[in-house]
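# Secondary and tertiary structure notes
Here is how the chains run, residue by residue.
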Amino acid sequence: MASTPDETRDGVDLTNLDQPLFDGAEATKRDLVDYLDAVHERMLPELRERPLTVKRVRPRQQPFMQKNVPKYTPEWVKTVTVWAEASKREVSYALCDDRRTLLWFANQRAVEYHPTLMRAGRWDRVTHLVLDLDPPEGDETFGLAVRAAHLVRQALTDSGLKGAVKTSGAKGVHVYVPIDDQISIEDAAAATRAIAARAERVDPSVATTAYIKEDREGKVFVDSTRAGGATVVAAYSPRIRPGTPVSFPVGWADLDNVSPRDFTVRSAPGLLASADHWAAELPAPQSLPEDLLEEGRAIPIARVVAMHEGKRRAKAKRDAEENK
């Protein structure tokens, strides 16, 4: 027998709202629902028409990523079927296009929202380049990510481009660069690699493009691999982290004065009355200069290089042990 809902919003029954969201969340399921409802007008444009992966957390279970919608998904939730080459199967992704769908996901305890960089109607093009700035391990390294973000901004300016910035909701920063639909996915990935390389050259004491962690020497990793079919946590999405922080847009002028702890599902709604930095600072889609594309095409794909280097190092280690 189905339990009686605590309340109903937009036709969605909401249940167990007073349960803790997860260990260390400092929030309940109600806080999640209320937050997502409060930001839905700003968050939905980041999700609309994009195949969506969510990260859910059930009581007393480990969080898990969900791509394929469950069998009990309501028929009014829009979906799109995609062939997944890696798993050799069709995946039915949700399209979170409206408040009702977002509330349904909230009731499923979907905390994180990771849309693709392409829209369901245009699989051969991405709408943004994304630079993911990942600082080294440590409690107070966000400031390093901020410094790296300014390097990326300088590299963009030098390339005749503009971007917008948001906290990742974890320990890093994301820089988004809207682009037009004139180039292929492969060239968009190449341009992202070139921007990362240019940012590294601005100040190599702060930023690195080294994919292998042990090669980063305490620097901020300028990750250029969020390309093609990759997903990136959406602006305003909560994260499954202590205190339930959210990925929050900030203006470039404010970036030096914020901390990831400033933006949580409890605190962020009160900040929404201020300017919408994401809408205000995201530039119109831009054309990418040919010299940037040419530079990027000559840069090897980081994951491929790291895979071969890992195999080489493993072999060298085995050989050294055998020769002892």
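Procedures and definitions
- Residues numbered from 1 in each chain as written.
- Predicted model: local features only at pLDDT ≥ 70, side-chain atom pairs only at ≥ 80, totals over all residues.
- Heavy atoms only, no water.
- Buried < 20%, exposed > 50% of the residue type's maximum accessible area, 1.4 Å probe, protein only.
- Helix = DSSP H or I, 4+ residues; strand = E, 2+ residues; numbered from the N terminus.
- Pairing = 2+ DSSP bridges.
- Arc of directions from axis to C-beta.
- Contact = heavy atoms within 4.5 Å.
- Axes fitted to C-alpha atoms, helices over the stretch in contact; angles between N-to-C directions.
- 1 Å grid on protein atoms, 1.4 Å probe; cavity = no way out; pocket = protein on both sides within 12 Å on 5 of 7 lines; lining within 4 Å.
- Points joined across faces, edges and corners; volume = space filled by probe spheres on them.
- Nonpolar A, V, L, I, M, F, W, Y, C, P; charged D, E, K, R; others polar.
- Domains from an automatic or database assignment.
- Core = buried A, V, L, I, M, F, W, Y, C linked by side-chain atoms within 4.5 Å.
- Left-handed = near helix turned anticlockwise from the far one by under 90°.

## A closer look at the pairing of strand S10 (residues 173-178)
- Burial of S10 is extensive: six of the six residues sit out of reach of the surface.
- The alternating pattern of S10 places Val 173, Val 175 and Val 177 on one face and His 174, Tyr 176 and Pro 178 on the opposite face, and all of these are buried.
- Taken together, the six bridges between strand S8 (residues 128-134) and S10 define a ladder with antiparallel strand orientation. Along S10, the bridge assignment pairs Leu 129 with Val 177.
- As defined by bridge partners, strand S9 (residues 164-167) adjoins S10 across four bridges and the pair is classed as antiparallel. Within the sheet, the bridge partner assigned to Thr 167 lies in S10 and is Val 173.
- The antiparallel hairpin formed by S9 and S10 contains five residues in its connecting segment, where Gly 169 sits at a positive phi of about 90 degrees.

## Considerations on helix H6 (residues 290-297)
- Restricting attention to buried positions, one finds in H6 the residues Leu 292, Leu 293 and Gly 296. In an axial view of H6, the angular spread of the buried residues amounts to 100 degrees, which keeps them on one side of the axis.
- In this fold, the buried residues of H6 make contact with helix H4 (185-202).

## Quick notes on the sheet that holds S10
- Spatial strand order, S11-S12-S8-S10-S9-S13: six strands in an open sheet with mixed pairing. Where the open sheet ends on each side, the last strands, each with one partner, are strand S11 (207-208) and strand S13 (249-250).
- Where S11 lies against strand S12 (residues 220-223), two bridges are found, and the strand directions are parallel. Bridging across to S12, Thr 208 finds its partner in Phe 221.
- Lying on the sheet, helix H3 (residues 142-158) is in contact with S8, S9, S10, S11 and S12; it crosses S10 at an angle near 20 degrees.

## Digging into empty space enclosed by the protein
- Evaluated as defined, the whole model comprises two cavities of 30 Å³ or more.
- The calculated volume of the largest cavity comes to roughly 100 Å³.
- As for the largest cavity, its lining consists of Glu 46, Arg 50, Pro 115, Thr 116, Leu 117, His 128, Lys 166, Tyr 176, Val 232, Ala 234, Ala 235 and Trp 278.
- Residues belonging to the lining of the largest cavity are distributed by class as follows: seven nonpolar, two polar and three charged.
- Each of domain 1 (7-116 + 232-247) and domain 2 (126-230 + 284-308) contributes no fewer than three residues to the lining of the largest cavity.

## Side note on the nonpolar core
- Core analysis: the biggest nonpolar cluster contains 85 residues, and Phe 105, Tyr 113, Leu 133, Val 152, Val 175, Tyr 236 and Leu 288 have the highest contact counts within it.
- The greatest single-element share of this core, amounting to nine residues, is contributed by H3.
- Split by domain, this core shows at least three residues from each of two domains, domain 1 (7-116 + 232-247) and domain 2 (126-230 + 284-308).
- Look past the residues within four positions of Leu 288 in its chain and what remains in contact with it is Leu 129, Leu 161, Ile 179, Ile 183, Ala 191 and Leu 293.
- If you look at the next biggest cluster of nonpolar residues, it comprises six residues, including Val 80, Tyr 93, Leu 95 and Ala 120.

## Description of the packing of helix H1 (residues 29-47) against helix H2 (residues 99-107)
- It is at 9 Å that the axes of H1 and H2 come closest, and there the two elements cross at 145 degrees. The handedness of the crossing between H1 and H2 comes out as right-handed. Across the interface between the two elements, Lys 29, Leu 32, Val 33, Leu 36, Asp 37, His 40, Leu 44 and Leu 47 from H1 touch Arg 99, Leu 102, Leu 103, Ala 106 and Asn 107 from H2.

## Considerations on unusual backbone geometry
- The backbone of Asp 10 sits at a positive phi, close to 50 degrees, despite the residue not being glycine.
- Relative to the helices and strands, Asp 10 is located in the loop between strand S1 (7-9) and strand S2 (12-14).
- Since its relative accessible area comes to 39%, Asp 10 is described here as partly exposed.
- Positive phi, close to 60 degrees, is recorded for Arg 109, a residue that is not glycine.
- Secondary-structure assignment places Arg 109 in the loop between H2 and strand S7 (110-115).
- The class for Arg 109 is buried, based on a relative accessible area of 6%.

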